[in-house]
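Commentary on secondary and tertiary structure
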Amino acid sequence: PYLEEARAGDPDFPPTLLASARVFTFLGRFDEARAELDRCIARAPGLPHAYWQLSQLRRASSDSNHVTALRKLLASGGDDPERTPLLAYALHKELDDLGDHAAAAGALDLACRSKRARIRYDGADTTRLFDALVALEAGSAPAPAPAMAGSRTPIFVVGMHRSGTTLLEQLLDGHDDVRGVGELYDFTTQMRYATDHNC
């Protein structure tokens with residue numbers, strides 16, 4: 001309903017078209033998503049996100065592609081640090097669709113190099129962090145309070161993305177005495193509320 005309200009206010013507002021396309025994509029309504037992105041590009045031909053999203057939803061062909069536009073946009077530069085990676089990833093996908101694999105590889109290289117240039121990562125810092133964690137002395141955990149009759153004990157599965165937390169939650173949920181509730185953001189929400197800090 002919020003998206004429909006935004007669309008009613010200005011049906012051609014590029015950020016709304018982008019959001020609409022994303023929602024349609026999540027819903028599996030790909031034709032509608034592509035139509036929204038086409039409208040977005042017609043309205044705001046310099047918006048990198050629209051080209052990138054569209055490249056994921058449509059196979060480029062010799063009579064329907066954005067290769068020339070993408071190359072012009074990449075050549076024109078810009079201040080947005082996300083601009084070059086998004087445009088170059090879109091160009092890579094379209095060139096690959098067209099069978100121009102050498103040029104596609106060049107576009108992918110540009111996308112990866114521009115993305116990597118923005119990442120401030122120091123392997124030595126990570127090594128120091130893990131060395132310090134390994135050196136920590138384990139404290140003794142307090143004894144759990146006795147369970148009350150009929151009470152439930154929450155189990156928190158915590159971990160980084162792509163680390164197996166979803167699989168572990170599903171395995172636990174397979175037990176007759178455990179009920180999984182999915183991946184909730186209640187803890188994060190309460191932490192933000194308690195600290196009065198969003199991130």
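Let me sum up the structure you'll find in this document. This is a predicted model, so every value here is computed, not measured.

Remarks on the overall build of the chain
Within the chain, the secondary structure is distributed over ten helices and zero strands. Along the chain, from the amino end to the carboxyl end, the secondary structure elements read α-α-α-α-α-α-α-α-α-α. Projected onto the principal axes, the alpha-carbon positions of the chain cover approximately 70 × 45 × 35 Å. Here the chain holds 199 residues, and 21% of them are scored as buried. Taking the intrachain contacts of the chain between residues at least 6 apart in sequence as the baseline, contacts between residues at least 24 apart amount to 43%. Accessible surface for the chain amounts to roughly 14800 Å². Of this, 58% is attributable to carbon and sulfur atoms.

Here's the deal with the nonpolar core
In terms of nonpolar packing, the biggest core is built from 24 residues, with Leu37, Ala50, Tyr51, Leu70, Leu87, Leu91 and Leu95 touching the most fellow members. Counting residues per element, the ones that place at least two in this core are helix H2 (14-26), helix H3 (30-43), helix H4 (48-57), helix H5 (67-76), helix H6 (83-97) and helix H7 (101-117). Among the elements that take part in this core, H6 stands out by supplying five residues, more than any other. In contact with alanine 50, other than residues within four places in its own chain, are Leu18, Leu37, Cys40 and Ile41.

Structural notes on the pattern of salt bridges
Counting across every chain of the model gives 13 salt bridges. Between aspartate 31 and arginine 34 there is a salt bridge whose closest N-O contact spans 2.4 Å. Residue aspartate 31 and its partner arginine 34 are both found in helix H3; the two are separated by three residues, about one turn of the helix. Overall, aspartate 31 belongs to the exposed group, its relative accessible area being 59%. In this structure, the salt-bridge partner of glutamate 82 is lysine 115, at a minimum N-O distance of 3.4 Å. Here the residue glutamate 82 occupies a position in the loop between H5 and H6, and lysine 115 occupies one in helix H7, the gap between them amounting to 33 residues. Of the residues examined, lysine 115 reaches a relative accessible area of 30% and is grouped as partly exposed.

A few points about a nonpolar patch on the surface
A cluster of nonpolar side chains, Ile155, Val157, Leu167, Leu168 and Leu171, forms an exposed patch at the surface whose accessible area comes to about 470 Å². By the element assignment, valine 157 lies in the loop between helix H8 (123-135) and helix H9 (165-173).

Some remarks on the environment of arginine 192
Within the secondary structure, arginine 192 is located in helix H10 (residues 186-195). Taking C-alpha positions, arginine 192 is 32 Å from tryptophan 52, a pair spaced 140 residues apart along the chain. In contact with arginine 192, not counting residues within four places along its chain, are His197 and Asn198.

Notes on the packing of H2 against H3
Viewed as axis vectors pointing N to C, H2 and H3 meet at an angle of 165 degrees, and their least axial separation amounts to 8 Å. By the angle between their axes, H2 is roughly antiparallel relative to H3. Along this stretch, H2 crosses H3, giving a crossing that reads as left-handed. For the pair H2 and H3, contact is made by Pro14, Leu17, Leu18, Ser20, Ala21, Phe24 and Thr25 and by Phe30, Glu32, Ala33, Glu36, Leu37, Arg39, Cys40 and Arg43, respectively. Tallied by class, the residues present in the contact of H2 with H3 amount to nine nonpolar, two polar and four charged.

Each value, and the rule that gives it
Residues numbered from 1 in each chain as written. Predicted model: local features only at pLDDT ≥ 70, side-chain atom pairs only at ≥ 80, totals over all residues. Heavy atoms only, no water. Helix = DSSP H or I, 4+ residues; strand = E, 2+ residues; numbered from the N terminus. Buried < 20%, exposed > 50% of the residue type's maximum accessible area, 1.4 Å probe, protein only. Contact = heavy atoms within 4.5 Å. Areas by Shrake-Rupley, 256 points an atom, 1.4 Å probe, with all protein chains shown as cover. Core = buried A, V, L, I, M, F, W, Y, C linked by side-chain atoms within 4.5 Å. Salt bridge = Lys/Arg side-chain N within 4 Å of Asp/Glu carboxyl O. Patch = residues over 30% accessible without salt bridge, like charges linked within 9 Å, V, L, I, M, F, W, Y side chains within 5 Å. Axes fitted to C-alpha atoms, helices over the stretch in contact; angles between N-to-C directions. Parallel < 35°, antiparallel > 145°, perpendicular 65-115°, else oblique. Left-handed = near helix turned anticlockwise from the far one by under 90°. Nonpolar A, V, L, I, M, F, W, Y, C, P; charged D, E, K, R; others polar.

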